[in-house]
Amino acid sequence: MTAPAPHIPVLLDEVLDALAIAPGEVHVDGTFGAGGYSKAMAAKGARVFAFDRDPDAIAAGQTVVAVSDGAITLIEGEFSRMETLLADAGVRKASGVTLDIGVSSMQLDQADRGFSFQADGPLDMRMSRAGTSAADFLNTAPEEEIADVLYLYGEEPRSRRVARAIVAARPLERTGQLATVVRKALGHKPHDKKDPATRSFQAIRIHLNRELEELERGLEAAEALLEAGGRLAVVTFHSLEDRIVKQFLRRRSGAESGGSRHRPQQEAAVAPTFERPSKAIRPGDRELAANPRARSATLRSAVRTQAPAWEGVRS
């Protein structure tokens, strides 16, 4: 990489190394976004089935599909439903599944989507453009619920103070309004390295889109879909996501012999479904220089065993 680009796939070379694609294999890109991973997989000779729940990404991705000579199929829907949606397309197993978790650069860069406070826009934050918006949630939810969301999903230590300020400032309709309220509540200083509104925006987005639940279900769906020897690669962008992936792979590879304290004997008796989980891989200096948004990215990968998926033994 020699210069920044609008939508650079994070840890692309490392993801491709983990996938070890052989021509003709079926691979799943669970988070299509701008299509960077899908295009790279297709260039390696894979038959790619890509998912995205964002209708904007589906519409924009038709150009990528059109020039792929049939190598890429784009499906609108959550990646947690990959097993069912691919069965409808006649696909029962895959050699690889890749998940790039969180908000995409395209979503962040479009002010009207409301994901970022870098440019003022409507308080939306809905990946699928359906359901409860950020404005709906912040203007109607009880103060205690808002505080819990900020604490659980944003790891905001002063969540109650921020929630109190949000309720006092209602109604909120714009990202700029919310950012100003949060900064004022937390005592923002211009020279602060990180904008204090970052944690609150992250928390609200994760809550509205049920991102952590989607990740948990998506990992289970990938486990069920991958053939023996299939490869799983997951890129996360903050500690909550990475913790879920790390714990999933530790349990499924037998590294945590006791499993859940609620089901210790059952999980201990189930054969591991993954082997050789990788250590955490993070971007190097060269990638960070070209793409500063990669700074918080972490890649974890593993290889599927022949053991059946842990049906009924959920994470």
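Residues numbered from 1 in each chain as written. Predicted model: local features only at pLDDT ≥ 70, side-chain atom pairs only at ≥ 80, totals over all residues. Heavy atoms only, no water.

1. Concerning the overall build of the protein chain
Next up, step 1: A count of helical and extended segments in the protein chain gives 15 helices and 7 strands.
Next up, step 2: In summary, the protein chain has a C-alpha radius of gyration of 20 Å against a globular reference of 20 Å for 315 residues, a match within 12%.
Next up, step 3: Taking the principal axes of its C-alpha atoms as reference, the protein chain extends roughly 55 × 50 × 40 Å.
Next up, step 4: By residue count, 50% of the 315 residues in the protein chain fall in the buried class.
Next up, step 5: Restricting to contacts in the protein chain with at least 6 residues of sequence separation, those with at least 24 account for 68%.
Next up, step 6: Carbon together with sulfur atoms contributes 50% to the accessible area of the protein chain, which is approximately 14,600 Å² in total.
Next up, step 7: A gap of 5 Å separates the mean positions of the 42 positive and 43 negative side-chain charges of the protein chain. (Helix = DSSP H or I, 4+ residues; strand = E, 2+ residues; numbered from the N terminus. Rg over C-alpha atoms; globule rule 2.2 N^0.38 Å. Buried < 20%, exposed > 50% of the residue type's maximum accessible area, 1.4 Å probe, protein only. Contact = heavy atoms within 4.5 Å. Areas by Shrake-Rupley, 256 points an atom, 1.4 Å probe, with all protein chains shown as cover. Lys, Arg positive; Asp, Glu negative; His and termini not counted. Charge placed at Lys NZ, Arg CZ, Asp CG, Glu CD.)

2. Description of the pairing of strand 5 (residues 226-236)
Next up, step 1: Burial analysis of strand 5 places 8 of its 11 residues in the buried class, the great majority of the element.
Next up, step 2: In terms of strand pairing, strand 5 meets strand 7 (residues 298-304) through 6 bridges, oriented antiparallel. The partner of valine 235 across the bridge, within strand 7, is leucine 299. (Pairing = 2+ DSSP bridges.)

3. Description of the nonpolar core
Next up, step 1: Ranked by internal contacts, the top residues of the largest apolar core, which has 60 residues, are Met82 and Leu178.
Next up, step 2: Ignoring any residue separated from it by four or fewer positions in sequence, one finds leucine 178 in contact with Leu123, Met125, Leu138, Ile166, Leu172, Phe201 and Ile204.
Next up, step 3: Of all hydrophobic cores here, the second largest spans 24 residues; its members include Leu12, Ile21, Phe32 and Val48. (Core = buried A, V, L, I, M, F, W, Y, C linked by side-chain atoms within 4.5 Å.)

4. Re the environment of alanine 228
Next up, step 1: For alanine 228, the position within the fold is in strand 5.
Next up, step 2: On the basis of relative accessibility, which here comes to 46%, the residue alanine 228 falls in the partly exposed class.
Next up, step 3: For the pair alanine 228 and glutamine 306, spaced 78 residues apart in sequence, the C-alpha separation works out to 4.7 Å.
Next up, step 4: Discounting chain neighbours no more than four positions away, the residues touching alanine 228 are Arg304, Thr305 and Gln306.

5. Here's the deal with the confidence of the model for the protein chain
Next up, step 1: With 90% of its residues at a pLDDT of 70 or more, the protein chain shows a mean pLDDT of 90.
Next up, step 2: Per-residue pLDDT stays below 50 along residues 1-6; that stretch engages in 8 contacts with residues further than four places along the chain or on separate chains. (pLDDT = per-residue confidence, 0-100.)

6. Notes on the packing of aromatic side chains
Next up, step 1: Under the counting rule described, the total for this entry stands at 2 aromatic pairs.
Next up, step 2: Ring geometry for phenylalanine 117 and phenylalanine 201: centres 5.0 Å apart, planes at 75°, overall edge-to-face. Of this pair, phenylalanine 117 sits in the loop between helix 6 (105-109) and helix 7 (134-140) while phenylalanine 201 sits in helix 11 (residues 197-209), placing them 84 residues apart in sequence. In this pair, the class of phenylalanine 117 matches that of phenylalanine 201, namely buried.
Next up, step 3: Both rings, one in phenylalanine 248 and one in phenylalanine 274, keep their centres 6.1 Å apart while their planes meet at 65°; by these two values the pair is edge-to-face. Taken together, the residues span a long stretch of sequence, with phenylalanine 248 in helix 13 (residues 239-252) and phenylalanine 274 in strand 6 (residues 274-275) at a distance of 26 residues.
Next up, step 4: Classification of phenylalanine 248 by relative accessible area gives buried; the value is 1%.
Next up, step 5: Looking at arginine 47, its charged tip hangs above the ring of phenylalanine 49, at a distance of 4.6 Å from the centre. (Phe/Tyr/Trp six-rings, centres within 6.5 Å; stacked < 30°, edge-to-face > 60°. Lys NZ or Arg CZ within 6 Å of the ring centre and 35° of its normal.)

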